[in-house]
Amino acid sequence: MRIVCPFCGERELGEFTYLGDAKPVRPEAGASEDEVFDYVYLRDNVAGQTSEYWYHGGGCRAWLKVTRNTLTHEISSVEPAAGAGATKVGA
Ligand SMILES: [Zn+2]
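Residues numbered from 1 in each chain as written. Predicted model: local features only at pLDDT ≥ 70, side-chain atom pairs only at ≥ 80, totals over all residues. Heavy atoms only, no water.

Quick question: what am I supposed to make of the coordination of the zinc ion here?
The coordination sphere of the zinc ion contains the protein donors Cys5 (SG), Cys8 (SG), His56 (ND1) and Cys60 (SG), at a distance range of 2.1 to 2.4 Å. Viewed at the metal, the 4 donor atoms of the zinc ion are separated by angles of 104 to 118°, and the geometry they form is tetrahedral. Here the donor residues of the zinc ion share one chain and are spaced in sequence as C-x2-C-x47-H-x3-C. In this pair, Cys8 is assigned in the loop between β1 (2-5) and β2 (9-12) and His56 in the loop between β4 (49-55) and β5 (63-69), connecting sequence segments 48 residues apart. (Donors = N, O, S within 2.8 Å, 3.2 Å for Na, K, Ca; no water. Tetrahedral: all angles 85-135°; square planar, octahedral: opposite > 155°, others 65-115°. Helix = DSSP H or I, 4+ residues; strand = E, 2+ residues; numbered from the N terminus.)

Sorry if this is basic, but what is going on with the sheet that holds β4 here?
Read from one edge to the other, the open sheet built from 4 strands follows the order β3-β4-β5-β6, with strand pairing classed as antiparallel. The sheet is open, and its two borders are formed by β3 (17-21) and β6 (75-80), each paired with just one other strand. This sheet shows a mean twist of 30° between the axes of neighbouring strands, independent of strand direction. Relative to β4, β3 is paired through 4 bridges, and the arrangement is antiparallel. Within β4, the residue paired with Tyr18 across the bridge is Trp54. (Pairing = 2+ DSSP bridges. Axes fitted to C-alpha atoms, helices over the stretch in contact; angles between N-to-C directions.)

Please explain a negative patch on the surface as it appears in this structure.
On the surface, Glu33, Asp34, Glu35 and Asp38 cluster together into a patch of negative charge. With respect to the helices, strands and loops of the structure, Glu35 is situated in helix α1 (residues 33-41). (Patch = residues over 30% accessible without salt bridge, like charges linked within 9 Å, V, L, I, M, F, W, Y side chains within 5 Å. Areas by Shrake-Rupley, 256 points an atom, 1.4 Å probe, with all protein chains shown as cover. Salt bridge = Lys/Arg side-chain N within 4 Å of Asp/Glu carboxyl O. Lys, Arg positive; Asp, Glu negative; His and termini not counted. Charge placed at Lys NZ, Arg CZ, Asp CG, Glu CD.)

Next comes the structure, spelled out in structure tokens:
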């Protein structure tokens, strides 16, 4: 599998580190214990299209949001993740 980094171009998978599912959203302060438990521990095992965070440690060291099909490993989009690394757009 190869990932096309928006900053570095197409690179080998070994340059990247998988950081996890990009879908879970941190609960607001004061959320119930069940909401926090779900956020921290429960994940779906998606067969199909999913959004994931990857870190390009072997290149620009940006956080990326990758949309990937878990059945075929086909990557349909790669974009800078919000926050760290996203400020490099256009740099
Ligand atoms: Zn990169």
